[in-house]
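Examining the three-dimensional arrangement
Chain residues, written in single-letter form:
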Amino acid sequence: NYAKGYVCGTMHANGFNCSSSGGSGCEDERVPVVTFWEGELIDNVNHSFYTQKWGASKAIDRKHWFKLPFCKHLQALADGGNGKGGGEGRQQPIDLVNQPFIYMRLKEKYFLNEEPGGNLTIAGFYYLCISRATGEITGYYFDPNSTPYQKVKLAVIYEGSSGFVSAAGDLL
């Protein structure tokens, strides 16, 4: 729902050896971890770049957003090109509809198949940037109790002449 700045969906993470079926923790069979997530589109109307929840402070938000190369040009726009934060230390609203990227936060809410064993968690959330031109998604996972700056990069893969599109990527 773009008008409300809301998106939701499911995420399938393959390659984790952490099915808890059988009660023994991680199994040899690799079962995808499936989660339901909700996202906030950063539009400066419904949601701003400041999270104000999930353990993220303004300083944490700035560090994560500005690690994305696509967000660096937004800092210059917000500063009015003078590096002074809009003249009075306030961020100026930016029209994000006409920018080459879509910015969003994504929060996994719960596991759909089964809760995995091992050390997988959905306690944190993702800072994401989506290219309108290529569909590439780049971002970082934040959880105050996890390794900082876990990078996420997903690329669109076109398979065959039928136009089937899927996303593939890595947690780096």
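Residues numbered from 1 in each chain as written. Predicted model: local features only at pLDDT ≥ 70, side-chain atom pairs only at ≥ 80, totals over all residues. Heavy atoms only, no water.

Here we take up unusual backbone geometry. Although it is not a glycine, W54 sits at a positive phi angle of roughly 60°. By the element assignment, W54 lies in the loop between β2 (33-41) and α1 (58-67). With a phi close to 55°, Y149 is a non-glycine residue in the positive phi region. Here Y149 lies in the loop between β5 (137-142) and β6 (150-159). Note on Y149: relative accessible area 31%, which makes it partly exposed. (Helix = DSSP H or I, 4+ residues; strand = E, 2+ residues; numbered from the N terminus. Buried < 20%, exposed > 50% of the residue type's maximum accessible area, 1.4 Å probe, protein only.)

By the element assignment, K107 lies in strand β3 (residues 101-111). The contact partners of K107, leaving out residues within four places of it in the chain, are F36, W37, E38, W54, I122, A123, G124 and F125. A distance of 3.2 Å separates a polar atom in the side chain of K107 from the backbone oxygen of G124. (Contact = heavy atoms within 4.5 Å. Polar contact = N/O pair within 3.5 Å; in protein donor to acceptor, adjacent residues only side chain to side chain.)

Glancing now at the nonpolar core. Core analysis: the largest hydrophobic core is formed by 16 residues, its most contacted members being W65 and Y103. At the level of elements, β3, β4 (125-131) and β5 are the ones that each hand at least two residues to this core. If you tally residues by element for this core, the top one is β4, at three residues. One finds W37, I130, Y141 and V152 within the second-largest nonpolar core, a separate group that totals ten residues. (Core = buried A, V, L, I, M, F, W, Y, C linked by side-chain atoms within 4.5 Å.)

For α1, every residue scored as buried is listed here: D61, H64 and W65. Summarising the axial view, the buried residues of α1 lie within an arc of 95°, below the 170-degree limit, and thus occupy one face. For α1, the secondary structure elements touched by its buried residues are β3, β4 and β5. (Arc of directions from axis to C-beta.)

Let us now look at the pattern of salt bridges. Summed over the entire model, instances satisfying the criterion amount to three salt bridges. E38 serves as the salt-bridge partner of K109, at 3.7 Å between the closest nitrogen and oxygen. A residue pair is termed long-range when its members are at least 10 positions apart, and K109 in strand β3 and E38 in strand β2 qualify at 71 residues. Through salt bridges with shared partners, one network takes in E40, K53 and R105. (Salt bridge = Lys/Arg side-chain N within 4 Å of Asp/Glu carboxyl O.)

Turning to the confidence of the model for the chain, a few remarks are in order. Caution applies to low-pLDDT parts of the model: their predicted coordinates are not meant to be read in detail. When pLDDT is averaged along the chain, the result is 77; 68% of the residues meet or exceed 70. No element of the chain has a lower mean pLDDT than strand β7 (residues 164-171), at 48, and none a higher one than β5, at 94. This model gives residues 22-28 a pLDDT under 50, and the stretch forms eleven contacts once residues within four places in sequence are excluded. This model gives residues 80-89 a pLDDT under 50, and the stretch forms ten contacts once residues within four places in sequence are excluded. (pLDDT = per-residue confidence, 0-100.)

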